[in-house]
Amino acid sequence: MTDPIRVLVADDQPLLRGSFRVLIDTAPGLTAVGEAGTGAEAVESARRLHPDVVLMDIRMPDMDGIEATRRLAGSPETAATRVLILTTFDLDEYVYGALRAGAAGFLLKDTSPEVLLAGIRTVAAGESLLAPSVTRRLIAEFARLPSARPAPGPALDVLTAREREVLVLVARGLSNADIAEYLHLSHGTVKTYIGRLLSKLRARDRAQLVIGAYESGLVRAAHQPADS
């Protein structure tokens, strides 16, 4: 029997924290190991409890969720902990900052319980919670920000032509299955390419690959295809 996924809930609203905790504790394969009401408490609790996933609010006192995420992702002690951002807003400027800081993805607070639980399992498994439509909106937000000019990004010269091709498709929001179909590759081969990209570009997860592709100038927001 596998161990349950350990979740830390960080939100400054006690009622929401309690609701999330009850939901998690009653779901198969999940357990809530603690709560935090501020970003500083989230960092301290994660270091002490070593959760698999932190449900992280953005706007909290003492330290916001972006800085808390940055500290968790940047510390070897908590680098294995995955952060799932919960926000009231549909991709405001804070979400981009949180993903860049190392969050594995984000969900809206009014999402359904089923989607929230699935999201926890997704990020715990090492995947990023970025649907294609979310990726497109993330890129649009990135292009709007003053810092959206191409900046020194990952060294793409270490990538093969095929790896660059896969990275472009990842940045456009395609899933592994979509990439496999588009490039006429097996699903396993695509997973291998994604693994190589993560390793070569020293990216934490798929979200970081998307951001790296745009920051390096490999893909530009103006070239982003419309929703199909």
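Small disclaimer: the values here were computed from a predicted structure and weren't measured. (Residues numbered from 1 in each chain as written. Predicted model: local features only at pLDDT ≥ 70, side-chain atom pairs only at ≥ 80, totals over all residues. Heavy atoms only, no water.)

1. Some words on the environment of Pro51
Turning to step 1, where the next piece is worked out: With respect to the secondary-structure elements, Pro51 resides in the loop between helix H2 (39-49) and strand E3 (53-57).
Turning to step 2, where the next piece is worked out: Placed 31 residues apart in sequence, Pro51 and Arg82 show a C-alpha to C-alpha distance of 8.3 Å.
Turning to step 3, where the next piece is worked out: Discounting chain neighbours no more than four positions away, the residues touching Pro51 are Arg6, Val7, Leu8, Val33, Ala46 and Thr81. (Helix = DSSP H or I, 4+ residues; strand = E, 2+ residues; numbered from the N terminus. Contact = heavy atoms within 4.5 Å.)

2. Considering the UniProt feature "modified residue: 4-aspartylphosphate" (unreviewed entry) in the chain
Turning to step 1, where the next piece is worked out: In the numbering used here, UniProt assigns the "modified residue: 4-aspartylphosphate" (unreviewed entry) feature to Asp57.
Turning to step 2, where the next piece is worked out: Relative to the elements of secondary structure, Asp57 occurs in strand E3.
Turning to step 3, where the next piece is worked out: The buried category is assigned to Asp57, whose relative accessible area is 5%.
Turning to step 4, where the next piece is worked out: Residue contacts for Asp57: discarding those within four places in its chain leaves Ala10, Asp11, Asp12, Gly65, Leu86 and Lys109. (UniProt positions renumbered as here; feature names shortened; annotations may be inferred. Buried < 20%, exposed > 50% of the residue type's maximum accessible area, 1.4 Å probe, protein only.)

3. So, the side chain of Thr38
Turning to step 1, where the next piece is worked out: Among the secondary structure elements, Thr38 is positioned in the loop between strand E2 (30-36) and H2.
Turning to step 2, where the next piece is worked out: The class for Thr38 is buried, based on a relative accessible area of 8%.
Turning to step 3, where the next piece is worked out: In contact with Thr38, other than residues within four places in its own chain, are Met60, Pro61, Asp62 and Met63.

4. Considerations on the confidence of the model for the chain
Turning to step 1, where the next piece is worked out: Of all residues in the chain, 81% attain a pLDDT of 70 or more, and the chain-wide mean is 83.
Turning to step 2, where the next piece is worked out: Predicted confidence for residues 148-153 stays below pLDDT 50, and this span has eight contacts to residues more than four positions away or in other chains.
Turning to step 3, where the next piece is worked out: Every residue in residues 222-228 scores below 50 in pLDDT, and together they form eight contacts with partners more than four places removed in sequence or on other chains. (pLDDT = per-residue confidence, 0-100.)

5. Observations concerning the pairing of strand E4 (residues 82-87)
Turning to step 1, where the next piece is worked out: By the criterion of burial, E4 is predominantly enclosed, with six of the six residues buried.
Turning to step 2, where the next piece is worked out: Neither face of E4 is exposed, since Arg82, Leu84 and Leu86 on one face and Val83, Ile85 and Thr87 on the opposite face are all buried.
Turning to step 3, where the next piece is worked out: Two elements, E3 and E4, share five bridges in a ladder whose sense is parallel. By the bridge assignment, Leu55 is partnered in E4 with Leu84. (Pairing = 2+ DSSP bridges.)

6. Digging into the sheet that holds strand E1 (residues 5-10)
Turning to step 1, where the next piece is worked out: With parallel pairing, five strands are arranged side by side in an open sheet as E2-E1-E3-E4-E5. Each edge of the open sheet carries a strand with a single partner, namely E2 and strand E5 (105-108). Across this sheet, the average inter-strand angle for adjacent strands is 25°, counted without regard to direction.
Turning to step 2, where the next piece is worked out: Taken together, the six bridges between E1 and E2 define a ladder with parallel strand orientation. Residue pairing in the sheet places Val7 in a bridge with Ala32 of E2. (Axes fitted to C-alpha atoms, helices over the stretch in contact; angles between N-to-C directions.)

7. Description of the side chain of Thr81
Turning to step 1, where the next piece is worked out: Position of Thr81 relative to the elements: it lies in the loop between helix H3 (65-74) and E4.
Turning to step 2, where the next piece is worked out: Dropping the residues within four chain positions of it, Thr81 is found in contact with Pro51, Asp52, Val53, Val54 and Arg204.

8. What about the pairing of E3?
Turning to step 1, where the next piece is worked out: With five of its five residues buried, E3 lies for the most part within the structure.
Turning to step 2, where the next piece is worked out: Of the two faces of E3, both are covered, the one formed by Val53, Leu55 and Asp57 as well as the one formed by Val54 and Met56.
Turning to step 3, where the next piece is worked out: Examined bridge by bridge, E1 and E3 share four bridges and lie parallel to one another. Following the sheet pairing, Leu8 is matched in E3 by Val54.

9. Topic: unusual backbone geometry
Turning to step 1, where the next piece is worked out: In this structure, His184 takes a positive phi of about 55° despite not being glycine.
Turning to step 2, where the next piece is worked out: Overall, His184 belongs to the exposed group, its relative accessible area being 71%.
Turning to step 3, where the next piece is worked out: For Arg202, which is not glycine, the phi dihedral falls at a positive 55°.
Turning to step 4, where the next piece is worked out: Secondary-structure assignment places Arg202 in the loop between helix H9 (187-200) and helix H10 (206-215).

10. What to know about the pattern of salt bridges
Turning to step 1, where the next piece is worked out: Within the structure shown, the criterion is met by ten salt bridges.
Turning to step 2, where the next piece is worked out: We note a salt bridge from Asp11 to Lys109, for which the minimum N-O separation is 2.8 Å. Taken together, the residues Asp11 in the loop between E1 and helix H1 (14-25) and Lys109 in the loop between E5 and helix H5 (113-124) connect sequence positions 98 residues apart. For the residue pair Asp11 and Lys109, the accessibility class agrees, reading buried in each case.
Turning to step 3, where the next piece is worked out: A salt bridge links Arg21 to Glu35, with the nearest nitrogen and oxygen atoms 3.5 Å apart. In this pair, Arg21 sits in helix H1 while Glu35 sits in strand E2, placing the two residues 14 residues apart along the sequence.
Turning to step 4, where the next piece is worked out: Assessed through its relative accessible area of 26%, Arg21 is described here as partly exposed.
Turning to step 5, where the next piece is worked out: Of the residues examined, Glu35 reaches a relative accessible area of 32% and is grouped as partly exposed.
Turning to step 6, where the next piece is worked out: Through salt bridges with shared partners, one network takes in Arg17, Arg21, Asp25 and Glu35. (Salt bridge = Lys/Arg side-chain N within 4 Å of Asp/Glu carboxyl O.)

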